[in-house]
Structure formats: structure tokens, C-alpha cells
Amino acid sequence: MPSFFVSRFGELSYTMRDKIYAYLKSQKRGATSHELVEQVLKIKGASPGISETLIKTAIDGDRRFATDGHHLWKIIERGGTPLSEAELVLLSILTIDTVEMAQTLVEISAQKLRGDKIIDRLHIFVNPGSSAVSTMRLPADLAQEMKGGIPLEKAVCSLFDFLGEAVVVGYDIQSTRDQINKILHTLNKTIENSTLCLKYLAKKLISNLQPKSLDDVAVFFKLPIMDTQRTEEEISTIANIFSLCKELLKTKGFSTLEEVLEFQYPDIEYIDFSKYTFDKSFLWAIPQKPGVYKMKDKHGEIIYVGKAKNLRTRVSSYFWNTPDRLQKTTDLLNNIYTIEYEIVGSELSAMLLEYRLIKQYQPKLNQQFEVHERAARYGKLKNFIAILPSPAKESLELFFVKVGLPLERYEILKGAVNFSGVEEILDKMYYGTTEATSRSFLCTKGNGNSPQSQFDKGRPKGNNAPSGDDVLRQNILTGVETGEMDIVLSWLETNRDQVNYINIDSISTKETCLKLVKDYIRDEETPQKKHFRLK
């Protein structure tokens, strides 16, 4: 068949794909290329070779179709995360050259999307210091905004928390991620999120496009060119381009996030699942809920423990076919044999369970065993009860926090009538005497010593003896318990606008506090909406 005919036929293939798809849908056994050419394309007498060429040209790049061992074309019903359900973050950063430093990060903008809906925004100016600003040739308004910005480390940590587990979208997004990770590495953090690169995606979707900048892609799509290279304006352009790219992806049959992540790259290394005890079907069947996952080697040893707000997305992300895997991910893929996971009720529960498991097993591929102190833990919120979802049906989980004491957790049914367990914890933590509280917690630790002897152990005698609260801080919290408190206080300070909690410091009596607990638990809207009875 002449090459020009094959080329022309390719231009008509979008319509042909839908016809082929409809035919294969009606033929469960599948169909040969020759059958598709005769029955769908209505071409008679084509040789087997020409039939094969025609069908491959018609469905080029459409991942709905595959051939089996008998050379029959079939429809692949793929699993994965639908694009309409995926959590994505559009990201833009502004860096400026200075005399002292090659590039200085001065502005960050991000939008969090679920489907086509914006669910959160982030915009930060970075203050690199007056000496650095003075060496930059900046518009007066930008220079002024930078002077009112926040320190670099705080800015990148805010972005790190904002990203969560979302896939990050940008023009040259790998380069952006690398720049931010250079700063985060000094803070023992790394952005490991998968990325969607609009530069690569545009090249794959539009064969004659070779963009050198985001403006080149904008021109192709007949979008306005940015007047200034400011991040909020660039985010708007990124959002428009990504929306148009999704329409093109849809015409090619791409419907899941995993398919798009794989499609974007010119050269990728495919995962070989034959060396694992699981396959893609296992990954797609993982619930989209918070939890912890354990990766084990062939000997059953736990080599990595991780936590996730969305287990399916996080665990599956290790196995997406990409060319830019972090070395940590490559090491995991080379060593794991099986995966286990446990569902919990909330991100906080997942963080606490992950911390305990890492302390217990010290997996060789976990790079960080300690919880590093965070400035957020010294926020104003000190003594409180947080009300969070539970993995158990029709239940909630209560987190009782008091500075200087171990964390207490209690699971309760939404329709509970007996609150004696809650009352006991309230007495023990907040409304009992200091000495009684200390004895109660020491007995709870089950160390076999009498409460009073343990309470007095190592305690100075005489008038300079520390108060009961000082003794609690010195003698009760173990290293693990201190780490848990760091996690809880930091997480609550970061997420306090999205979490239901009761501030104990605002409540004078146990009866008032218990009534508020009951109100929260019995409120049907509490799991979906935030309520602040007392701040």
C-alpha cells in the first residue's frame, strides 16, 4: 500500500477507532486485523500484511486496544485512577539570578485540582534577605512584595505540605521539582510526587510541535501570551493548556491518570511484574483510603514502611512507567517481593502508625527514623481533643492531647450512649489533680513499679523540687511518645482549619467538655463539615 495512503488513512483514524471499538465490544472473542478491515473498514481483498498495517495505523497510540497470543485484537478494560477523580497540583515558581547566588526562589503559586474543580490554592512570596533583593533588578511592586515574604525554608515546607500525594503538573516540572528538592534536602525532606510535564505531553499529542517555552505551547493553542513572568499568571496559562491537553487525550482513548503519566514520555522503562507476588490488578484494587503500607523482600523482611492519605494512588505511584524515577524508588522496585497494607481512619492515624512501625522494624530503605522538631508544634493549640474518622463503620476516633502527657486515643460509635470511657480519660488527663494524673499514667505504663516510687525516682529533694507538671514531662514521656506528640501537634497546627477539635484550655469543667464531645459525635455532618464550637 502506498505510504501516502497510509498517512492519509491515519488522519481519519479517530473516527475509525470508535467504529473498531464498537465492533470489538460486540465480539468477546476478539477479531483479526483482516476481519476488522473487512467488517469495519469495508475494504475487501486486502492482504494480511496490509490489513495489519491499516489497523495499527488506525489505532496508533490508543491504549484501549491490544492483541493476545492468538493475534486477535481485543479491548482492554483498564483499571487505575480516572482523570476526573485524580488529585493534581498545578505548580509555577519564579527564580531570579543574583550576584551571590545562581538562582534565588522568590515566588510560588499552586492550585490543587480534583477533576476540573479547584479545591485549594497557594501563593507565597519568598524574602531572600535585603542584601539579596538589593542585587536584583526588580519592578518596584515585586521588590516590595518580596520584602514582606517569608523565609525560604518555611516557603518550601509550606509547598511540601500543600502537595501532599498529588501528581504535580507544570511546563518543565522535573526541573522545578529538582530546584525545590535542593532546598528541601537540607531539611531532610524530598518531593517524591509523580509529575505531569506539559512540555513532554504537548510534544506527544502534537507531532509537529517542538516547544522551547510555555509561550510556544500557548501560541499553538491560540492562548494569550503572558505579559509578565509572574507565577499566578503562569498558573492560569498552565491550567488552560492542561485542560486542552485533556481533551486531546480523551480523543486518543486515555481515561486514567496512570495511562497519561506513561504516555507523556518519549522513552520509558516498563515495570516487570513477573518478579513480584502481585500485579496491576492488585494495585487497582487497593482502597482509596488513608493507611500504611509495608513492602517486604523475598525473605519476608520489611524493607520499607510508608503512609498515605490515598493508599491506591500512593502505592500505585511506585509502579508507574516513567523515565525519571528517584533512586529511592528504583531501590524499592529492585528489592520488594510483596506488599501489605492497613486501612486507618485519617491521615494523622496513618502518620502515627507509620512512625511506630518504622521504630519497630527500622526498615533498611526508610531513610528517616526520627521525627524532627517542627516549629508548628509550638503553636497556640496545646491541650485539645481532636475528632477524626475511624476505619470502623459508624465510628469516630478521639485523640486526647495534653502537653507533657502521652497521647490517648479512643474509638467510639456515633450512636454511643455509654461515655464512661471518655469520662475516665477526661478525669485522667484534664480534670483530675496533678498527682492523681501522674499516678494514673504511671500505672497505665505497666512498668511493675509502685506509682509513687516511680514518680519520685530521680526527683530532687527539698524546696527546689520541680512541680508535678515538670515531673510529668521528665519521667512519663518515652522517646516514642515524644515523637508521637511532635507528629500530632505539628499535624493539627497545619490542618486546624480542616479538623474538628475541642480546645480544652477554653473549657473549665468536665461536664461542659463531655457535652461538647457528645455534640460532636452525634452531629451527622461532623465527618463532612468543620465546626468550631470553641477556638
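Described below are features of the structure shown in this document. Residue numbering note: each chain is counted from 1, following its sequence as written. Local features in this predicted model are restricted to residues of pLDDT 70 or higher, and side-chain atom pairs are both shown and tallied only at a pLDDT of 80 or more, whereas totals for entire chains, interfaces and linings draw on every residue. Excluding hydrogens and water, the side-chain values take into account all heavy atoms of the structure.

1. Considering the packing of aromatic side chains
- Two aromatic rings, drawn from Phe, Tyr or Trp (for Trp, its six-membered ring), form a pair once their centres lie within 6.5 Å of each other, and the interplanar angle then sorts them: stacked below 30 degrees, edge-to-face above 60, tilted otherwise. Overall, the coordinates contain 14 aromatic pairs when judged by the stated rule.
- Relative to F263, the ring of F254 has its centre 4.6 Å away and its plane inclined at 45 degrees; by these criteria the two rings are tilted. Across the pair, exposure class does not vary: F254 and F263 are buried alike.
- Seen from their ring centres, Y276 and F278 are 5.1 Å apart, and the 5 degrees between their planes marks the pair as stacked.
- The class for Y276 is buried, based on a relative accessible area of 8%.
- What links up through ring pairs into an aromatic cluster is the set F273, Y276, F278, F282, F319 and Y341.
- Should the NZ of a Lys or the CZ of an Arg lie within 6 Å of a ring centre and within 35 degrees of the ring normal, that charge is described as sitting over the ring. Stacked on the ring of F162, the Lys or Arg K112 has its end atom at 4.8 Å from the ring centre.
- Taking the ring centre of F419 as reference, the NZ or CZ of K518 above it sits at 5.2 Å. Partly exposed describes any residue whose relative accessible area lies between the buried limit of under 20% and the exposed limit of over 50%, with all areas from a 1.4 Å probe on protein chains only and scaled to the type maximum.

2. Structural notes on the sheet that holds strand β12 (residues 395-401)
- By the convention used here, strands pair only if DSSP detects at least 2 bridges between them. For helices the rule is a DSSP run of H or I covering at least 4 residues; for strands it is a run of E covering at least 2, with both sets numbered from the N terminus onward. Taken in spatial order, the four strands line up as β13-β12-β11-β14 in an open sheet, and their pairing is antiparallel. The open sheet is flanked by β13 (408-413) and β14 (500-503), the only strands paired with a single partner. Going from strand to strand, the sheet's axes swing by 20 degrees on average, the running direction of each strand aside.
- Both strand β11 (residues 384-389) and β14 contribute to a ladder of four bridges, which runs antiparallel. When the bridges of β14 are listed, I385 appears paired with I502.
- Sheet strands in contact with helix α16 (residues 347-361) are β11, β12 and β13, and its direction is about 60 degrees off that of β12.
- Strands β11 and β12 of the sheet are contacted by helix α21 (residues 479-495), whose axis makes an angle of about 80 degrees with β11. Each axis is a line fitted through C-alpha atoms, taken for helices only over the stretch in contact, and angles between the N-to-C directions span 0 to 180 degrees. Any two residues whose heavy atoms approach within 4.5 Å are treated as being in contact.

3. Here we look at the nonpolar core
- As used here, the term nonpolar core means buried Ala, Val, Leu, Ile, Met, Phe, Trp, Tyr and Cys residues forming a set that is joined through side-chain atoms within 4.5 Å. In this structure, L196, L198, L201, I241 and L257 are the most contacted members of the largest nonpolar core, which totals 33 residues.
- Going through the elements one at a time, β3 (87-96), β6 (167-170), α9 (198-205), α10 (214-220), α11 (231-251) and α12 (257-263) are the ones with two or more residues in this core.
- At six residues, the largest contribution of residues to this core is made by α11.
- Those residues in contact with L257 that sit more than four places away from it in its chain are T81, L83, A86, L88, V167, L196 and W320.

4. Concerning the pattern of salt bridges
- When a carboxyl oxygen of Asp or Glu is within 4 Å of a side-chain nitrogen of Lys or Arg, the pair counts as a salt bridge. Under the counting rule described, the total for this entry stands at 17 salt bridges.
- For the salt bridge of D427 with K510, the shortest nitrogen-to-oxygen distance reads 3.4 Å. Of this pair, D427 sits in helix α17 (residues 420-431) while K510 sits in helix α22 (residues 510-522); the two residues are 83 residues apart in sequence, bridging distant segments of the chain.
- When its relative accessible area of 33% is taken as the criterion, D427 is described as partly exposed.
- Overall, K510 belongs to the buried group, its relative accessible area being 16%.

Keep in mind these numbers describe shape, not what the thing actually does.
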